[in-house]
Amino acid sequence: MVALILLRHGESLWNRENRFTGWTDVDLSPRGIEEAHRAAQLLSDGGFTFRVAYTSVLKRAIRTLWIVMDDLDLMYVPVHRSWRLNEKSYGALQGLNKQETAAKYGAEQVHLWRRAYDVRPPPLSRDDPGHPRFDPRYADLDPESLPATESLHDTLERVLPYWESHITADLRQGKPVLVSAHGNSLRALVKHLDGVPDDEIAGLNIPTGYPLVYELDGDLKAVKHYYLGDPEEVAAAARGVARQAGVK
Ligand SMILES: O=C(O)[C@@H](CO)OP(=O)(O)O
């Protein structure tokens, strides 16, 4: 049995302001920093460790990882960063307030943009300064392959090759792995690991800062999974994520 620990970054400044974030590189809020420390404490209390870490190229996930590694005295552990673990691109919604967007377009439409498997938010225009083709961190990638928006399906399609080519290689060697990433890149991974049907994945919300442990067998099949932390607190935090676009 080998452990895969999935960790959604702590609360970001835009989570706090309830804005769509996607590929925008927003840092942790003070509360998010506390949540990262809490995640480290939960791992330590549960006797969990990791020998390799994976993260995105976005600072909210990277900083969460740094805090966890520092608190657990694991700063020597190899870290691999990839754009493939980035949050789902929210396209032209990035920066907009979720409740205001729901008031304008309807809660049902916003729910589809946030959670449906195959629905893409409106795209960023090619000339939008927020388009990833202008961002130097993606300079080595073909600009045509960079997303202007993504559905969860699109997100899964770019997460999965990285899972298969990199993360599973470490797990197969019996190395426990921590993945510090994002609400939707982790939903994509969970969909894959648990074989969640397309029409059921909309009901899944991942809260910030609670480690989600997968115990995998020799074939990397998920034998069981569970959050670390008080189950009622974790469930309440997940419900809070689901309600972010409720119309006031
Ligand atoms: O805005 C985003 O990038 C994500 C995560 O914060 O939001 P949502 O939970 O609406 O998918």
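Calculation criteria
- Residues numbered from 1 in each chain as written.
- Predicted model: local features only at pLDDT ≥ 70, side-chain atom pairs only at ≥ 80, totals over all residues.
- UniProt positions renumbered as here; feature names shortened; annotations may be inferred.
- Buried ≥ 20, exposed ≤ 12 C-beta atoms within 10 Å, placed from the backbone.
- Helix = DSSP H or I, 4+ residues; strand = E, 2+ residues; numbered from the N terminus.
- Pairing = 2+ DSSP bridges.
- Contact = placed C-beta atoms within 7 Å.

An unreviewed UniProt entry annotates the chain as 2,3-bisphosphoglycerate-dependent phosphoglycerate mutase of Methanoculleus oceani. In its Function (unreviewed entry) section, the UniProt record describing the chain reads: "Catalyzes the interconversion of 2-phosphoglycerate and 3-phosphoglycerate."

**Quick look at the pairing of strand β4 (residues 177-181)**
With five of five residues buried, β4 lies mostly within the body of the structure. Alternating positions in β4 separate into two faces, Val-177, Val-179 and Ala-181 on one and Leu-178 and Ser-180 on the other, with burial throughout. Across four bridges, the pairing between strand β2 (residues 52-55) and β4 is parallel. Following the sheet pairing, Val-52 is matched in β4 by Val-177.

**A short note on the UniProt feature "site: Transition state stabilizer" (unreviewed entry) in the chain**
The positions UniProt marks with the feature "site: Transition state stabilizer" (unreviewed entry) are His-182. Along the chain, His-182 falls in the loop between β4 and α7 (183-194). Discounting chain neighbours no more than four positions away, the residues touching His-182 are Arg-8, His-9, Ser-56, Ala-61, Asn-86 and Glu-87.

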